[in-house]
Amino acid sequence: MGNIDRKYAPVGVFDSGVGGLTVAREIMRQLPEENVVYFGDTARVPYGSKSKNNIIRFSRQIIRFLETKGVKAIVIACNTASALALDTVRQEVEIPVIGVIEPGARAAVRETANGCIGVAGTEATIRSETYTKVIKRLRPDAEVIGKACPLFVPLVEEGFARHHITEEVIDIYLREMKDTDIDTMILGCTHYPLLRSRIMAYFGENVHIVNPAYETAMDLKEILGKEGLLNDSGRPGEYQFYVSDAAEKFTAFAGSILPYDVAATRQINIEEY
Ligand code: DGL
């Protein structure tokens, strides 16, 4: 396929489940002509408590599936998979593969004045210290304070984002961080942007909250532009959604994140890839 045809090929976006739709939403907003194939690994979520080996295995399978859809680039719209699998899988495919950590870290380094940055994420993301490593590569004198917040994901998925219990959990997890000098805080998990206003209110106006999704979509635009792969059809992009478990739960939640029709979500057996 020449670059002219490849321009119109879809972008593959994947996550452990629904959370990556916060990244897909940003891609759809910033790149409205791009076609998107989204895969949510709803049968194997959460990734945040799994081992590196399994996350690499899952990511490889999903990339093989997305390749059957003829994608021209892949966005790993999951912080945990970006932290643990991106470096490995990126070397195994010909097409560009981007994650959310590098863009999130870059945005935080740009925003911080005092170099003190907080990161909230899953256990696996925080344990990997990937955010810390990338931030320090960009700003060696930075101080990075990570905190795993495992209950945030089920709270969001249960529709408790505005429930008072969530306010208490935010306080329990983030109180120590609030008492530090951080002036910037990264929402280092796909679900956390759905708690953004809560977390912003908790930290107050002196702490800048970074959502890596925004910067990731900008990165994708830049990479596609550089490779001559930006879709300039003049038509709105078409979206396909796939999941590895029953589609109903996904569509119910997806409808609350995306202003698009997700009714045609299809279930596939990801273990076949
Ligand atoms: N998508 C995951 C992330 O961004 C959160 C959910 C999970 O643990 O799988 O880290």
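Notes on the structure follow. (Residues numbered from 1 in each chain as written. Predicted model: local features only at pLDDT ≥ 70, side-chain atom pairs only at ≥ 80, totals over all residues. Heavy atoms only, no water.)

### So, the pattern of salt bridges
Right, on to step 1. Scanning the model with the defined rule gives 15 salt bridges in all.
Right, on to step 2. Between Arg-110 and Glu-215 there is a salt bridge, with the nearest N and O atoms lying 2.9 Å from each other. Taken together, the residues Arg-110 in helix α6 (residues 101-111) and Glu-215 in helix α12 (residues 212-226) connect sequence positions 105 residues apart.
Right, on to step 3. We note a salt bridge from Glu-167 to Arg-198, for which the minimum N-O separation is 3.5 Å. Taken as a pair, Glu-167 in helix α10 (residues 164-178) and Arg-198 in helix α11 (residues 196-203) lie far apart in primary sequence, 31 residues in all.
Right, on to step 4. In the salt-bridge network here, residues are joined through shared partners; they are Asp-41, Arg-44, Arg-57 and Glu-271. (Salt bridge = Lys/Arg side-chain N within 4 Å of Asp/Glu carboxyl O. Helix = DSSP H or I, 4+ residues; strand = E, 2+ residues; numbered from the N terminus.)

### Things to note about the sheet that holds strand β5 (residues 116-121)
Right, on to step 1. On the basis of which strands lie adjacent, the open sheet formed by 4 strands has the order β6-β5-β7-β8 and parallel pairing. In this open sheet, the two strands that pair with only one neighbour each are β6 (143-148) and β8 (208-210). The sheet shows a mean angle of 20 degrees between the axes of neighbouring strands, taken without regard to direction.
Right, on to step 2. For strand β7 (residues 184-188) and β8, the ladder comprises 3 bridges, and the chain directions are parallel. Among the inter-strand pairings, Met-185 is bridged to a residue of β8, identified as Ile-209. (Pairing = 2+ DSSP bridges. Axes fitted to C-alpha atoms, helices over the stretch in contact; angles between N-to-C directions.)

### A look at unusual backbone geometry
Right, on to step 1. A cis geometry characterises the amide bond from Val-45 onward to Pro-46, with omega recorded as 0 degrees.
Right, on to step 2. Among the structural elements, Pro-46 can be located in the loop between β2 (36-40) and α3 (52-68).
Right, on to step 3. Positive phi is not limited to glycine here, since Glu-129 has a value of about 55 degrees.
Right, on to step 4. As for its placement among the helices and strands, Glu-129 is situated in the loop between α7 (123-128) and α8 (130-138).

### Things to note about the site of the ligand
Right, on to step 1. Taken together, 14 residues sit near the ligand, with Asp-15, Ser-16, Tyr-47, Gly-48 and Thr-80 positioned nearest.
Right, on to step 2. Contact between the ligand and Tyr-47: an oxygen atom at 2.7 Å from a main-chain N or O atom of the residue.
Right, on to step 3. Taking 290 Å² as the accessible area of the ligand by itself, protein coverage stands at 99%.
Right, on to step 4. Residue classes in the shell around the ligand are distributed as 6 nonpolar, 7 polar and 1 charged. (Near = heavy atom within 4 Å. Polar contact = N/O pair within 3.5 Å; in protein donor to acceptor, adjacent residues only side chain to side chain. Areas by Shrake-Rupley, 256 points an atom, 1.4 Å probe, with all protein chains shown as cover. Nonpolar A, V, L, I, M, F, W, Y, C, P; charged D, E, K, R; others polar.)

### Here's the deal with the sheet that holds strand β1 (residues 11-15)
Strand pairs in the sheet, formed through backbone hydrogen bonds, run parallel or antiparallel to each other.
Right, on to step 1. If you trace the 6 strands from one edge of the open sheet to the other, you get β4-β3-β1-β2-β9-β10, paired in parallel fashion. At either end of the open sheet lies a strand with only one pairing partner, and these are β4 (97-98) and β10 (266-267).
Right, on to step 2. Here 2 bridges tie strand β3 (residues 73-76) to β4, and the two strands are oriented parallel to one another. Following the sheet pairing, Ile-74 is matched in β4 by Val-97.
Right, on to step 3. Against the sheet, helix α2 (residues 21-30) engages β1, β2, β3 and β9 (239-243), with an angle of about 175 degrees to β2. (Contact = heavy atoms within 4.5 Å.)

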